[in-house]
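# A look at the structure
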Amino acid sequence: MEVQTVVITGASAGLGRAIAQRFADDGARIGLIARGRERLESARRDVESRGGRGLVLPLDVADAAAVEQAAELVETELGPIDVWINNAMTSVFAPVSETRADEYRRVTEVNYLGFVHGTLSALRRMRPRRSGVIVQVGSALAHRSIPLQSAYCATKHAIKGFTESLYSELLHDQVGVRVTMVDMPAMNTPQFDWVRSRLPHRAQPVPPIFQPEVGADAVYYAAHHDCGPELLVAWPTLKAVVGEKFIPRYLDRMLARTGYSSQQTDEPARDRPDNLFEPVPGNWGAHGRFDDRSRSFSLELWAREHRGWLALGAAGALGLVLGSLRGDSVESEKSLPT
């Protein structure tokens, strides 16, 4: 495979860090975007230890001019951008009545406008070359909102709407650029230890929880295969999509009963810094504190990645069945009296 130039926002920790590791295994040249230089340097060393090349780009994706300057620097230092992955995110865990206007604004600027800024910078370079892939890291919560995460859910819905419009436009223009939104299940990342929270207990992802490498594999797959406008990762995401289509009011009542407890552990909340307006110091990696409860495999993603072989196997099995039935029919005809 030809060595690619990839840009990843939110690349210093969590899912973004796992995505960087996955592309580095192929020797990719990676522009690493996040706010904290210290963790970005750690991510760069991680990338280069795996055979890739990393370029540290400390910036806030809410700043459109900074994102554009970073894109220009990536193309100067690493070469034409092949894949742009919008992944940076932040959140506030709190009821709507306890979430401030400036917090909603900040989450929107990072989660939604940050994706818009990255997408526009990528398109300015990809459209003239008539090639390139943009991957939007989404969530099951882009389809089904849950309590206590209204700001985050709203931005994921916005990203979905934005991406669907762009997808149609790219089909119309036939410019050779693809965009796919990869919707994730709950992931074991460090965000639950740095997200702003007003919950009485420590925040957790809604089980079942998946390791970030599952999400990284899905993003890598979407970057190299035409998945259409959306790739749904793992069974919980599929359930959320189907449930929202057919039983949305039942989900409202169920989440009213379970949505608070499922997002909190039994441990009391601790005083700690959060990353809403400034990065939290420390060398956070890809994984959070839920390793012992997290799954490293998604059967649904595996089936998607191997659907060619599965189709071939199904066709072979069908051929064997039909051949057997035909053989039985011939034998039956031979046994008929003449």
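Remember, it's a predicted structure, so these values are computed and weren't measured experimentally.

### A closer look at the pairing of strand β7 (residues 177-184)
Among the eight residues that make up β7, seven are buried, leaving the element largely enclosed by the rest of the structure. Bridge analysis of strand β6 (residues 132-139) against β7 gives eight bridges, and the strand direction is parallel. Opposite Val-137, over in β7, you have Val-182 as the bridge partner. Considered for its hand, the β-α-β crossover made up of β6, helix α5 (residues 150-173) and β7 is right-handed. Two strands pair when backbone bridges link them, and β7 and strand β11 (residues 230-232) are joined in this way by three bridges, in the parallel orientation. Within β11, the residue paired with Met-181 across the bridge is Glu-230.

### Here's the deal with unusual backbone geometry
In this model, Pro-207 is joined to Pro-208 through a cis peptide bond whose omega is 0°. Considering the arrangement of structural elements, one finds Pro-208 in the loop between β9 (201-203) and β10 (209-210). The phi torsion at Leu-148 lies on the positive side, around 75°, for a residue other than glycine. By relative accessible area, which is 5% here, Leu-148 ends up buried. In this model, Gln-174 sits at a positive phi of 50°, which is unusual for a non-glycine residue. Mapped onto the fold, Gln-174 is located in the loop between α5 and β7. The exposed category is assigned to Gln-174, whose relative accessible area is 60%.

### Things to note about the sheet that holds strand β3 (residues 53-58)
Sheets are built from strands paired through backbone hydrogen bonds, the pairs being either parallel or antiparallel. Spatially, the seven strands line up as an open sheet ordered β3-β2-β1-β4-β6-β7-β11, and their pairing is parallel. Two strands lie at the open edges of the sheet, namely β3 and β11, each paired on one side alone. Within the sheet, the average angular offset between the axes of one strand and its neighbour, ignoring direction, is 20°. Lying over the sheet, α5 contacts β6, β7 and β11, oriented at roughly 155° with respect to β7.

### Details of the layout of surface pockets
Here the idea is plain: a probe the size of a water molecule rolls over the atoms and shows the empty space left. Considering only enclosed or pocket space, the second largest pocket measures out at about 170 Å³ in volume. As for the second largest pocket, its lining consists of 14 residues, and the residues nearest its centre are Val-195, Ser-197, Ala-269, Arg-270 and Arg-272. Sorting the residues of the lining of the second largest pocket by element identifies β8 (196-197) and β9 as the ones contributing at least two each. Of the residues forming the lining of the second largest pocket, the biggest block, three residues, is contributed by β9. Broken down by class, the residue content of the lining of the second largest pocket amounts to four nonpolar, two polar and eight charged.

### A word on a nonpolar patch on the surface
Residues Val-242, Phe-246, Ile-247 and Tyr-250 make up a contiguous nonpolar surface patch of roughly 420 Å² in combined accessible area. Of note, Tyr-250 is situated in helix α8 (residues 248-258).

### So, the confidence of the model for the protein chain
Residue-level pLDDT values for the protein chain average 92, and 91% of them are 70 or greater. Below a pLDDT of 50 lies the segment residues 314-318, which in the model reaches zero contacts outside its immediate sequence neighbourhood of four places, other chains included.

### Let's talk about the environment of Ser-296
On the secondary structure map, Ser-296 appears in the loop between β13 (294-295) and α9 (299-305). Residues Ser-296 and His-201, 95 residues apart in the sequence, show an inter-C-alpha distance of 26 Å. Those residues in contact with Ser-296 that sit more than four places away from it in its chain are Gln-211 and Val-214.

### Side note on the nonpolar core
Counting 40 residues, the largest nonpolar core has Ile-19, Phe-23, Ile-85, Val-182 and Val-219 as its most contacted members. No other element matches helix α6 (residues 212-224), which puts eight residues into this core. By size, the runner-up hydrophobic cluster in this structure holds 25 residues, among which are Leu-55, Leu-170, Val-175 and Val-177.

Quick notes on the rules
Residues numbered from 1 in each chain as written. Predicted model: local features only at pLDDT ≥ 70, side-chain atom pairs only at ≥ 80, totals over all residues. Heavy atoms only, no water. Buried < 20%, exposed > 50% of the residue type's maximum accessible area, 1.4 Å probe, protein only. Helix = DSSP H or I, 4+ residues; strand = E, 2+ residues; numbered from the N terminus. Pairing = 2+ DSSP bridges. Right-handed = clockwise from strand over helix to strand, strands pointing away. Axes fitted to C-alpha atoms, helices over the stretch in contact; angles between N-to-C directions. Contact = heavy atoms within 4.5 Å. 1 Å grid on protein atoms, 1.4 Å probe; cavity = no way out; pocket = protein on both sides within 12 Å on 5 of 7 lines; lining within 4 Å. Points joined across faces, edges and corners; volume = space filled by probe spheres on them. Nonpolar A, V, L, I, M, F, W, Y, C, P; charged D, E, K, R; others polar. Patch = residues over 30% accessible without salt bridge, like charges linked within 9 Å, V, L, I, M, F, W, Y side chains within 5 Å. Areas by Shrake-Rupley, 256 points an atom, 1.4 Å probe, with all protein chains shown as cover. Salt bridge = Lys/Arg side-chain N within 4 Å of Asp/Glu carboxyl O. pLDDT = per-residue confidence, 0-100. Core = buried A, V, L, I, M, F, W, Y, C linked by side-chain atoms within 4.5 Å.

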